[in-house]
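Each chain, written out:
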Amino acid sequence: MNELKNRLLVQLKKLKGIDGNETDDVFLFALETAIYDVLNYCHLDIEDWPEAIDNTTILMTIDLINEASFIFKADASAEGEVKSLTEGDFSISRETKADAYKKNHERTVIFSQLPSES
């Protein structure tokens, strides 16, 4: 598990453009959460982890970090991504944490339906 987390952590930090180690604890927590979500949903053991789902797991981790506010300097006013914007009578809709979870869940469903490598 540690080897997988460290491999994904390196990729995640490259994607986010982060060089230091100050965010590692937060990233590792989110990575572990995403990894366990994938393992549970796909009914896999850690030894059976297919590298093909590394990128999806990293994207799920980024969603967890962004949507669940696992950010160091997050404040109470932190909101989700803008989902829609209307100009007439101005309206902004934001993505909820439930929407973010559903998006992550849909990505996991795709990989649970892939044929296993035997």
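Now for a quick tour of the structure. (Residues numbered from 1 in each chain as written. Predicted model: local features only at pLDDT ≥ 70, side-chain atom pairs only at ≥ 80, totals over all residues. Heavy atoms only, no water.)

Time to look at helix 3 (residues 54-67). Here helix 3 contains 14 residues, and its C-alpha end-to-end distance of 20 Å stays within 8% of the 20 Å for a straight helix at 1.5 Å per residue. Across the 14 residues that make up helix 3, a large majority, 11, are buried. Of all the residues in helix 3, the buried ones are Asp54, Thr56, Thr57, Ile58, Met60, Thr61, Ile62, Asp63, Leu64, Ile65 and Glu67. (Helix = DSSP H or I, 4+ residues; strand = E, 2+ residues; numbered from the N terminus. Expected span 1.5 Å × (residues − 1). Buried < 20%, exposed > 50% of the residue type's maximum accessible area, 1.4 Å probe, protein only.)

Attention now goes to unusual backbone geometry. Here His43, not a glycine, exhibits a phi torsion of approximately 55 degrees, which is positive. Within the secondary structure, His43 sits in the loop between helix 2 (24-42) and helix 3. On the basis of relative accessibility, which here comes to 72%, the residue His43 falls in the exposed class.

Opposite charge on two side chains permits them to pair, given that their charged atoms come into close proximity. Counting across every chain of the model gives three salt bridges. A salt bridge links Lys5 to Glu32; the nearest nitrogen and oxygen atoms lie 2.8 Å apart. Of the two residues, Lys5 is situated in helix 1 (residues 2-16) and Glu32 in helix 2; the sequence distance between them amounts to 27 residues. Put simply, Asp24 and Lys13 hold a salt bridge, and the shortest N to O gap is 3.0 Å. Taken as a pair, Asp24 in helix 2 and Lys13 in helix 1 lie far apart in primary sequence, 11 residues in all. Judged on exposure class, the residue Asp24 and its partner Lys13 are both buried. (Salt bridge = Lys/Arg side-chain N within 4 Å of Asp/Glu carboxyl O.)

Attention now moves to the side chain of Asp54. Of note, Asp54 is situated in helix 3. Residue contacts for Asp54: discarding those within four places in its chain leaves Leu4, Arg7, Leu8, Gln11 and Trp49. (Contact = heavy atoms within 4.5 Å.)

Let's shift gears to the packing of helix 1 against helix 3. It is the contact of helix 1 with helix 3, at a shortest axis distance of 10 Å, that shows an interaxial angle of 65 degrees. Viewed along their axes, helix 1 and helix 3 adopt a mutual orientation that is roughly perpendicular. Along this stretch, helix 1 crosses helix 3, giving a crossing that reads as right-handed. Along its contact with helix 1, which presents Leu4, Arg7, Leu8, Gln11, Leu12, Leu15 and Lys16, the element helix 3 presents Asp54, Thr57, Ile58, Thr61, Ile62, Ile65 and Asn66. (Axes fitted to C-alpha atoms, helices over the stretch in contact; angles between N-to-C directions. Parallel < 35°, antiparallel > 145°, perpendicular 65-115°, else oblique. Left-handed = near helix turned anticlockwise from the far one by under 90°.)

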